[in-house]
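Architecture at a glance
Each chain, written out:
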Amino acid sequence: MIETHETIDEFLARHSSDVEELIRKAAAKEILPRWRRLGEHDVDLKSGPHDLVTDADRDAELYLTGELATLLPGSVVVGEEAVHANPASYEAIQGDTPVWIVDPVDGTRQFVRGETGFCTLVALAVHGVVHASWTYAPVREQFATAVRGRGALLDGEPLRAGSPEPGRDLRVATSHPDYTTDEQKRALLGLWTEGVAPRSCGSAGLEYLAIACGESDATAFSWEAAWDHAAGLLLVEEAGGTHLTRAGLPFSVRGGNTLPFTAARDEATARRVVELLSRDAPGERERPGIS
């Protein structure tokens with residue numbers, strides 16, 4: 001529990017491991033028992049056929065909401081499922097109160113299919129600045145953490161994103177076309193060019209982890225939901241990477257970003273991706289899945 005006059009940095013120095021333990025407990029209690037055991041009644045649609053929610057999402061978020069708010073009195077929790085039920089609750093990110101940003105199951109489609117590519121994401125932000133993040137892929141037994149100014153770790157080992165190998169195509173994970181506007185589709189078409197190997201993304205949190213590990217080079221994402229990006233963007237930053245919007249500015253979890261935006265292993269790669277996203281795509285250029 002935070003003490004009077006304790007700063008966020010002091011709180012994190014004392015309690016970062018406690019947050020990790022809470023996330024592990026949420027996964028063990030609410031998520032893993034349902035993995036590959038979901039029935040039809042356990043899965044619902046939200047905005048469309050690719051936007052799913054399960055009992056694991058709801059119950060893990062409820063558990064984390066109660067525990068995190070207790071750990072840091074005076075803080076609020078902005079969770080994906082709570083915001084779906086009450087969109088106005090998202091406005092807490094705009095305030096001055098410490099905010100826990102939670103995605104209980106990032107990669108719900110993969111979770112529903114019984115795949116391993118899902119994770120739990122938690123970030124702690126104050127005044128729109130993300131101070132710490134936790135990324136847990138329980139089936140893969142991977143736990144990544146980052147604290148602003150203190151670096152990034154994967155299972156206790158330092159993470160360094162490095163830079164792409166010269167002469168190799170850039171590996172870029174992109175938004176699914178179902179979640180893009182016509183203008184964003186045209187922007188993403190700029191990536192279908194020599195020297196770039198784009199593909200549709202999976203779990204956003206795991207895509208950011210892949211960049212922080214140097215296994216992927218960049219993202220090109222077209223949506224702003226803070227629970228998908230807050231944890232991963234800090235992880236990439238603290239591993240030595242960066243992120244930029246099409247306006248050439250860092251992505252803000254408070255919104256108002258010029259989309260699509262990128263996170264990348266280094267600044268040169270980020271600027272290259274933004275350049276490609278910003279050029280006018282010829283009308284005849286198409287690829288399967290984008291029109």
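What counts, and where the lines are drawn
- Residues numbered from 1 in each chain as written.
- Predicted model: local features only at pLDDT ≥ 70, side-chain atom pairs only at ≥ 80, totals over all residues.
- Heavy atoms only, no water.
- Helix = DSSP H or I, 4+ residues; strand = E, 2+ residues; numbered from the N terminus.
- Rg over C-alpha atoms; globule rule 2.2 N^0.38 Å.
- Buried < 20%, exposed > 50% of the residue type's maximum accessible area, 1.4 Å probe, protein only.
- Contact = heavy atoms within 4.5 Å.
- Areas by Shrake-Rupley, 256 points an atom, 1.4 Å probe, with all protein chains shown as cover.
- Lys, Arg positive; Asp, Glu negative; His and termini not counted.
- Charge placed at Lys NZ, Arg CZ, Asp CG, Glu CD.
- Pairing = 2+ DSSP bridges.
- Axes fitted to C-alpha atoms, helices over the stretch in contact; angles between N-to-C directions.
- Expected span 1.5 Å × (residues − 1).
- Salt bridge = Lys/Arg side-chain N within 4 Å of Asp/Glu carboxyl O.
- Core = buried A, V, L, I, M, F, W, Y, C linked by side-chain atoms within 4.5 Å.
- Right-handed = clockwise from strand over helix to strand, strands pointing away.
- Phe/Tyr/Trp six-rings, centres within 6.5 Å; stacked < 30°, edge-to-face > 60°.
- Lys NZ or Arg CZ within 6 Å of the ring centre and 35° of its normal.

1. Some details on the overall build of the chain
What the chain contains, in helices and strands, is eight helices and 14 strands. Relative to the globule expectation of 19 Å for 291 residues, the C-alpha radius of gyration of the chain, 18 Å, shows essentially globular dimensions. The principal-axis extents of the C-alpha atoms in the chain amount to approximately 55 × 45 × 35 Å. Here the chain holds 291 residues, and the buried ones make up 53% of them. For the chain, restricting intrachain contacts to residue pairs at least 6 apart in sequence, the fraction spanning at least 24 positions comes to 64%. For the chain, the exposed surface amounts to about 12,700 Å²; the carbon and sulfur share of it is 49%. One way to put it: in the chain the 28 positive side-chain charges average out to a point 4 Å from where the 46 negative ones average out.

2. A closer look at the side chain of Thr245
With respect to the element layout, Thr245 can be found in strand S13 (residues 242-245). Ignoring any residue separated from it by four or fewer positions in sequence, one finds Thr245 in contact with Pro250, Phe251, Asn257, Thr258, Pro260, Phe261 and Val274.

3. Thoughts on the sheet that holds strand S6 (residues 129-137)
Taken together, the seven strands give an open sheet; going across it, the order is S3-S4-S5-S6-S7-S8-S9, and neighbouring strands pair in mixed fashion. In this open sheet, the two strands that pair with only one neighbour each are strand S3 (76-79) and strand S9 (157-158). Strand direction decides the pairing type here: strand S4 (residues 99-106) and strand S5 (residues 119-126), joined by six bridges, are antiparallel. Bridge pairing in S5 links Ile101 to Ala123. Of the strands in this sheet, S4, S5, S6 and strand S7 (142-147) are in contact with helix H1 (residues 8-31), which crosses S6 at around 30 degrees. Running at roughly 155 degrees to S4, helix H2 (residues 55-71) makes contact with S3, S4 and S5 of the sheet.

4. A look at helix H7 (residues 226-238)
With 13 residues, H7 should cover 18 Å at 1.5 Å per step; its first-to-last C-alpha distance of 18 Å lies within 8% of that length. In terms of residue burial, H7 counts as a mostly covered element, since twelve of its 13 residues are buried. Taken together, the buried positions of H7 are Ala226, Trp227, Asp228, His229, Ala230, Ala231, Gly232, Leu233, Leu234, Leu235, Val236 and Glu238. Of the residues flanking the end of H7, it is Gly240, one or two places downstream, whose phi is positive at about 105 degrees.

5. Observations regarding the pattern of salt bridges
What the rule picks out here adds up to 16 salt bridges. Among the salt bridges present, the one from Arg24 reaches Glu20, with a minimum N-O distance of 3.1 Å. Within this pair, Arg24 and its partner Glu20 are both found in helix H1, separated by four residues, close to a single helical turn. The class for Arg24 is partly exposed, based on a relative accessible area of 31%. With relative accessibility at 23%, the residue Glu20 sits in the partly exposed group. With its nearest N and O atoms 3.8 Å apart, the salt bridge here joins Arg272 to Glu275. On the criterion of helical spacing, the pair formed by Arg272 and Glu275 is a turn pair, its members being three residues apart in helix H8 (residues 267-278). Taking relative accessible area as the criterion, Arg272 reaches 32% and is therefore assigned partly exposed. Beyond isolated ion pairs, a larger network of salt bridges with shared partners links Glu165, Arg168, Arg171, Asp217 and Arg265.

6. Focus: the nonpolar core
Counting residues in each nonpolar core, the largest one holds 42 residues, and the members touching the most others are Ile93, Ile101, Leu159, Tyr208 and Leu235. Elements represented by at least two residues in this core include exactly S4, S5, S6, S7, strand S8 (151-154), helix H6 (204-212), H7 and strand S14 (261-264). Ranked by residue count, the leading element in this core is H7, at eight residues. Leave out the neighbours within four places in its chain, and Leu159 touches Ala152, Leu153, Leu154, Leu209, Ala212, Cys213, Leu235, Glu238 and Ala239. Grouped together as the second largest cluster of nonpolar side chains are 31 residues, Leu12, Val19, Phe118 and Ala132 included.

7. Things to note about the pairing of strand S11 (residues 196-200)
With five bridges joining them, strand S10 (residues 170-174) and S11 adopt parallel strand pairing. When the bridges of S11 are listed, Val172 appears paired with Pro198. Handedness of the β-α-β unit built from S10, helix H5 (residues 182-188) and S11 comes out right-handed.

8. Digging into the packing of aromatic side chains
Two measures describe an aromatic ring pair: the distance that separates the ring centres and the angle between the ring planes. What the rule picks out here adds up to ten aromatic pairs. Judged by centre distance (6.4 Å) and plane angle (50 degrees), the rings of Trp35 and Phe118 are tilted. Of this pair, Trp35 sits in the loop between H1 and strand S1 (43-48) while Phe118 sits in the loop between helix H4 (108-112) and S5, and the two are 83 residues apart along the sequence. Overall, Phe118 belongs to the buried group, its relative accessible area being 1%. A centroid spacing of 4.8 Å and a plane angle of 40 degrees characterise the contact between Phe221 and Trp223, whose relative ring orientation is tilted. Three or more aromatic residues joined by ring pairs form one cluster here, namely Tyr208, Phe221, Trp223, Phe251 and Phe261. Arg24 extends its terminal NZ or CZ atom over the ring of Tyr136, reaching a point 5.1 Å from the ring centre.

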